[in-house]
Amino acid sequence: MKIAIGADSAGKPLLDIIAAHLATKLEHVIADLSQSGFYADLSQKLAQTIVDGTNERGILICGTGIGVSISANKVPGIRAALTHDTYSAERAAKSNNAQIITMGARVIGPELAKAIVDKWLESEFDPQGASAGNVEAIDRLDAGK
């Protein structure tokens, strides 16, 4: 799977740990899009690679995970979910088809962050499942309909 990752200065130390963790999994190709400047610009840049098909999923990290989540969700076609536990990570994929997860480096530790990423990556959305209608409704909102 092609995964874009990115962090601001507050999130970069945790992102480096996540990148090293993902590097041990040969089935993933990782692109670190971290940049200096505003996290909104980073979020837009990373989210756009998902919209255009360059990457399949993305992970964004800032101090709390809130700013990058809000910013990424401003990009049409993106569903980004703030995750601070494995259950929310699993549901982000299975119930909401979130292409991006966000985390806060000042909120969670490295081992939990790795477990969150693993749970999210092993979870998949079922387009015929119980949550399909909700995701379609989110997509309609996103399209302004």
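The name given to the chain in an unreviewed UniProt entry is RpiB/LacA/LacB family sugar-phosphate isomerase, with Phyllobacterium ifriqiyense as the source organism.

**Details of the nonpolar core**
Residues Ile 59, Ile 61, Met 103, Val 117 and Trp 120 are the most contacted members of the largest nonpolar core, which totals 22 residues. Elements with a minimum of two residues in this core: β1 (2–7), α1 (12–23), β3 (57–62), α4 (86–94), β5 (100–104) and α5 (110–122). The greatest single-element share of this core, amounting to five residues, is contributed by α5. In this structure Ile 61 touches Gly 6, Ala 7, Asp 8, Gly 11, Leu 14, Leu 15, Ile 18, Val 68, Met 103 and Ala 105, once residues within four positions along its chain are discounted. Ala 4, Ile 50, Val 68 and Ile 78 belong to the second-largest nonpolar core, a separate cluster that totals 14 residues.

**Notes on a nonpolar patch on the surface**
Taken together, the side chains of Ile 66, Ile 70 and Leu 82 make up a nonpolar region of the molecular surface, amounting to roughly 260 Å² of accessible area. Among the structural elements, Leu 82 can be located in strand β4 (residues 80–82).

**Quick look at the side chain of Ser 71**
Tracing the backbone shows Ser 71 in helix α3 (residues 66–72). Residues in contact with Ser 71, not counting those within four places in the same chain, are Tyr 39, Ala 40 and Ser 43.

**Side note on the pairing of β1**
Burial runs high along β1: five of the six residues are buried. With four bridges connecting them, β1 and strand β2 (residues 29–32) associate as parallel partners. Bridge pairing in β2 links Ala 4 to Ala 31. Where the polypeptide runs from β1 across α1 and back to β2, its parallel neighbour, the crossover connection is right-handed. Direction of pairing for β1 relative to β3: parallel, over a ladder of five bridges. When the bridges of β3 are listed, Ile 3 appears paired with Arg 57.

**With respect to the pattern of salt bridges**
Scanning all chains against the criterion turns up seven salt bridges. Notably, a salt bridge pairs Lys 12 with Asp 16, separated by 2.8 Å at the nearest N-O pair. With a gap of four residues between them, Lys 12 and Asp 16 both fall in helix α1, about one helical turn apart. Classification of Lys 12 as partly exposed rests on a relative accessible area of 27%. Taking the relative accessible area as the measure of exposure, Asp 16 reaches 39% and is therefore partly exposed. Three or more residues joined by partner-sharing salt bridges are found here, namely Lys 12, Asp 16 and Asp 32.

Criteria and cut-off values
- Residues numbered from 1 in each chain as written.
- Predicted model: local features only at pLDDT ≥ 70, side-chain atom pairs only at ≥ 80, totals over all residues.
- Heavy atoms only, no water.
- Core = buried A, V, L, I, M, F, W, Y, C linked by side-chain atoms within 4.5 Å.
- Buried < 20%, exposed > 50% of the residue type's maximum accessible area, 1.4 Å probe, protein only.
- Helix = DSSP H or I, 4+ residues; strand = E, 2+ residues; numbered from the N terminus.
- Contact = heavy atoms within 4.5 Å.
- Patch = residues over 30% accessible without salt bridge, like charges linked within 9 Å, V, L, I, M, F, W, Y side chains within 5 Å.
- Areas by Shrake-Rupley, 256 points an atom, 1.4 Å probe, with all protein chains shown as cover.
- Salt bridge = Lys/Arg side-chain N within 4 Å of Asp/Glu carboxyl O.
- Pairing = 2+ DSSP bridges.
- Right-handed = clockwise from strand over helix to strand, strands pointing away.

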